[in-house]
Amino acid sequence: MREQILYRSTRGTDRVTSAQAIVSGIAPDGGLYVPETMPQPIADFAALAKKDYRGIAREVMGLFLTDFTEEEIAACVDAAYDEKFDTPEIAPLAKVGENFFLELYHGQTIAFKDMALSILPHLMTAAAKKCGLTEDILILTATSGDTGKAALAGFADVPGTRIAVFFPQGGVSPVQEAQMVTQTGGNVCVTAVRGNFDDAQTGVKKLFADRALGADLAAQGVRLSSANSINIGRLVPQVVYYVYACARLMAEGELAPGELLNVCVPTGNFGNILAAYYARQIGAPIGKLVCASNRNRVLFDFFRNGTYDRNREFYLTSSPSMDILISSNLERLIFSLVGEDPEADRALMAELSARGAYDISPDMAARLEMFRSGFATEEETSAEISRVWGEYQYLLDPHTAVASAVAEKYRRESGDAAKMLIVSTASPYKFTGTVLPAVQKAEGKEAEAAGDGFAQARALKALTGWEIPAAVTDLEGAPVLHRGVCDIDRMEETVRAFAERG
Ligand SMILES: *Cc1c(COP(=O)(O)O)cnc(C)c1O
């Protein structure tokens, strides 16, 4: 018998099954669902090492989604982690110098969001059936670039679902934008918003909280849900690859019994690193969790000072998926730091929305001892891509380069000699405008990223011999199907019009 795990809101006393949490996305009180108790730690890690990615996914997801049958989970896992990934390993590990890179970019949109978003539609439709829902599910998503396409690819033409994506106009890479505006499917709506990612995300959260909108949509047989990383159905599949990486490293003798692995994660919304924290709690041999930020270093300052303060300049960087000042998933960590007290969590979140900042107590700070943090400037990020290519002929995208630079700094400054897993979150071919000049520099050539993304991709291939992923070549010449642009305060109208379109 598996122990049953229920989910509770970080801001209230609401308790629901995992299926209910997945179809709702966010709790009605505005909080995020968290497991009421963590599953028992995995006792036999060595046994896991004999399984492949899908086998480990079934095992780990089964621990969290206890109201799903084993067959249901297996069906979701098998439908998600198949030939859509360009390698049967799904999440390959590369040993580069002293570090291991966990490549999470082998799915259909070549960023780590595929790890969760290729399974979420299956979990969502299975959960809706379980909950006896008859309405269409309308997925509402704000994206800093990668979530949007991964969610579109996952939900396009999935019966019983529709998906509306909002991205910050001019705030995503050319390849990211091309990926979204060329998306096919009869149930998709893609709109650029005049604002940055935080504006778009705040706009989406408002729509979720808007009862009048909810009631009107319900009358039309439509129910809103979320594919953002606030959905527990995204977080749980992300725990899997940390367990998988540890099991693989143990099987290959890279990690001895009892040895701990540090993990460095390029962080934006705090979903990926939170999954590592959960993996650690269920027994993955993880030591330090190193949170890597780009120039938008709100999390770095939080870990250093105990103050979360979003009142600061917002920068567009070469790692746009980390250009975030409100890291939604941090609330789940805060909830655990306040001793799972919803009152205390609510008070801090109310401060965040009222004055844009909050301070944590010394007691809370003391519970953060497994976290470390660092940031990389734009110059450091490019230099890291050049360095790693020059020394190892290994290509990093800018997000991964932020993590790699932070991992090096951490090792140097702390003297911590534990092995380091660096989470590699996007294909270098998604961000050729940054990667190509950095590689040219490493090769002693003049840096000139001329032409569009496709010309840059061909130049990068000529220089490195790394294959251009089909996800990029397929985009060339694909027709633009979505040209909508709206102001933040018109997002509701856009959603209403889309819902009406049926
Ligand atoms: C989304 C994303 C991140 C940030 O992940 P979070 O879970 O939001 O912290 C980092 N890198 C890439 C390439 C991403 O797409």
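Peer 1: Which residues make up the site of the ligand, and what values go with them?
Peer 2: Within the structure, the ligand sits among 15 residues, and Lys113, Asp146, Gly268, Asn269 and Thr425 are positioned closest to it. Contacts to the ligand include asparagine 269, whose backbone N or O atom sits 2.7 Å from an oxygen atom. In the complex, the protein chains occlude 98% of the 380 Å² of accessible area that the ligand would expose alone. For the shell around the ligand, a count of residues per class yields five nonpolar, eight polar and two charged.

Peer 1: Account for the pairing of strand β8 (residues 188-194), naming residues and giving values.
Peer 2: A regular strand carries its side chains on alternate faces of the sheet. Burial analysis of β8 places six of its seven residues in the buried class, the great majority of the element. Relative to β8, strand β7 (residues 161-168) runs parallel, the two sharing six bridges. When the sheet's bridge partners are listed, isoleucine 163 is paired in β8 with valine 188. Regarding the hand of the β-α-β motif, the stretch spanning β7, helix α8 (residues 174-181) and β8 is right-handed. As paired elements, β8 and strand β16 (residues 484-487) share four bridges and run parallel to each other. Each residue of the ladder has a partner; that of alanine 192, found in β16, is valine 485.

Peer 1: Tell me what's going on with the nonpolar core, and back it up with residues and numbers.
Peer 2: One finds Tyr242 and Ile334 to be the most contacted residues of the largest nonpolar core, which totals 114 residues. The residues contacting tyrosine 242, other than those within four sequence positions of it, are Val263, Val265, Asn272, Ile273, Ala275, Ala276, Ala279, Ile286, Leu421 and Val423. Core analysis: the next-biggest nonpolar cluster, separate from the first, contains 38 residues, Tyr105, Val388, Leu460 and Ala471 among them.

Peer 1: Give a detailed account of the pattern of salt bridges, specifying residues and quantitative values.
Peer 2: This model, assessed by the stated rule, comprises 30 salt bridges. Salt-bridge contacts for glutamate 36 lead to arginine 15; the nearest nitrogen and oxygen are separated by 2.1 Å. In this pair, glutamate 36 sits in the loop between β3 (33-35) and α2 (45-48) while arginine 15 sits in strand β2 (residues 15-16), placing the two residues 21 residues apart along the sequence. Here the residues in one salt-bridge network are Glu384, Arg387, Glu391, Glu408 and Arg411, joined through shared partners.

Peer 1: Outline the sheet that holds strand β10 (residues 261-266), listing residues and values.
Peer 2: Ordered by their spatial adjacency, six strands build an open sheet running β4-β5-β15-β10-β11-β14, and the pairing between neighbours is mixed. Both outer strands of the open sheet, β4 (93-96) and β14 (371-375), are each paired with one neighbouring strand and no more. When strand polarity is set aside, the average angle formed by the axes of neighbouring strands in this sheet is 25 degrees. Here five bridges tie strand β5 (residues 99-103) to strand β15 (residues 420-424), and the two strands are oriented parallel to one another. Looking at the pairing, glutamate 103 lines up with serine 424 of β15.

Peer 1: I'd like a description of the sheet that holds strand β9 (residues 222-226), backed by residues and values.
Peer 2: The strand order across the open sheet built from five strands is β9-β6-β7-β8-β16, with neighbouring strands paired in parallel fashion. On the outer flanks of this sheet lie β9 and β16, each paired with one strand and no other. In this sheet, neighbouring strand axes are inclined to one another by 30 degrees on average, regardless of whether the strands run parallel or antiparallel.

Peer 1: An account of unusual backbone geometry is requested, with residue identities and associated values reported.
Peer 2: Not every positive phi belongs to a glycine, and phenylalanine 270 is a case in point at roughly 70 degrees. Considering the arrangement of structural elements, one finds phenylalanine 270 in the loop between β10 and α12 (271-281). Here glutamate 340, not a glycine, exhibits a phi torsion of approximately 60 degrees, which is positive. Along the chain, glutamate 340 falls in the loop between α14 (330-337) and α15 (342-355).

Peer 1: Go over the packing of aromatic side chains with me, naming the residues and quoting the values.
Peer 2: Throughout the structure, instances matching the rule amount to 15 aromatic pairs. Pairing tyrosine 53 with tyrosine 244 gives two aromatic rings, centres 4.9 Å apart and planes at 65 degrees, and the pair type is edge-to-face. With tyrosine 53 in helix α3 (residues 53-64) and tyrosine 244 in helix α11 (residues 232-251), this residue pair connects regions lying 191 residues apart in the sequence. No difference in accessibility class separates tyrosine 53 from tyrosine 244, as the two residues are buried. With centroids separated by 5.1 Å and ring planes inclined at 40 degrees, the aromatic side chains of phenylalanine 101 and tyrosine 394 adopt a geometry described as tilted.

Peer 1: Before we move on, could you go through the environment of leucine 63 and cite the residues and values that matter?
Peer 2: Positionally, leucine 63 belongs in helix α3. Note on leucine 63: relative accessible area 25%, which makes it partly exposed. Once the C-alpha coordinates of leucine 63 and serine 361 are considered, the two residues, 298 residues apart in sequence, prove to be 32 Å apart. Setting aside anything within four residues of it in sequence, one finds leucine 63 in contact with Ile5, Pro39, Ile42 and Ile282.

Peer 1: Give me the packing of helix α17 (residues 378-392) against helix α19 (residues 432-442): which residues, what numbers.
Peer 2: At a closest axis distance of 8 Å, the pairing of α17 and α19 adopts a crossing angle of 50 degrees. Taken together, the axes of α17 and α19 are oblique relative to one another. At the point where α17 passes α19, the crossing takes the right-handed sense. The segment α17 lies against α19, with Ser382, Ile385, Ser386, Trp389 and Gly390 engaging Thr434, Val435, Ala438, Val439, Lys441 and Ala442. Split by residue class, the contact of α17 with α19 holds six nonpolar, four polar and one charged.

Peer 1: Describe the state of the cysteines, and please don't skip the residues or the numbers.
Peer 2: Going through the model one piece at a time under the given rule, you end up with zero disulfides. Cysteine cysteine 131 remains unbridged, with the sulfur of cysteine 76 as its closest cysteine sulfur at 13 Å. Cysteine 189 supplies the cysteine sulfur nearest to cysteine 486, a cysteine that is in no disulfide, at a spacing of 8.8 Å. By relative accessible area, which is 6% here, cysteine 486 ends up buried.

What counts and how
- Residues numbered from 1 in each chain as written.
- Predicted model: local features only at pLDDT ≥ 70, side-chain atom pairs only at ≥ 80, totals over all residues.
- Heavy atoms only, no water.
- Near = heavy atom within 4 Å.
- Polar contact = N/O pair within 3.5 Å; in protein donor to acceptor, adjacent residues only side chain to side chain.
- Areas by Shrake-Rupley, 256 points an atom, 1.4 Å probe, with all protein chains shown as cover.
- Nonpolar A, V, L, I, M, F, W, Y, C, P; charged D, E, K, R; others polar.
- Buried < 20%, exposed > 50% of the residue type's maximum accessible area, 1.4 Å probe, protein only.
- Helix = DSSP H or I, 4+ residues; strand = E, 2+ residues; numbered from the N terminus.
- Pairing = 2+ DSSP bridges.
- Right-handed = clockwise from strand over helix to strand, strands pointing away.
- Core = buried A, V, L, I, M, F, W, Y, C linked by side-chain atoms within 4.5 Å.
- Contact = heavy atoms within 4.5 Å.
- Salt bridge = Lys/Arg side-chain N within 4 Å of Asp/Glu carboxyl O.
- Axes fitted to C-alpha atoms, helices over the stretch in contact; angles between N-to-C directions.
- Phe/Tyr/Trp six-rings, centres within 6.5 Å; stacked < 30°, edge-to-face > 60°.
- Parallel < 35°, antiparallel > 145°, perpendicular 65-115°, else oblique.
- Left-handed = near helix turned anticlockwise from the far one by under 90°.
- Disulfide = S-S within 2.5 Å.

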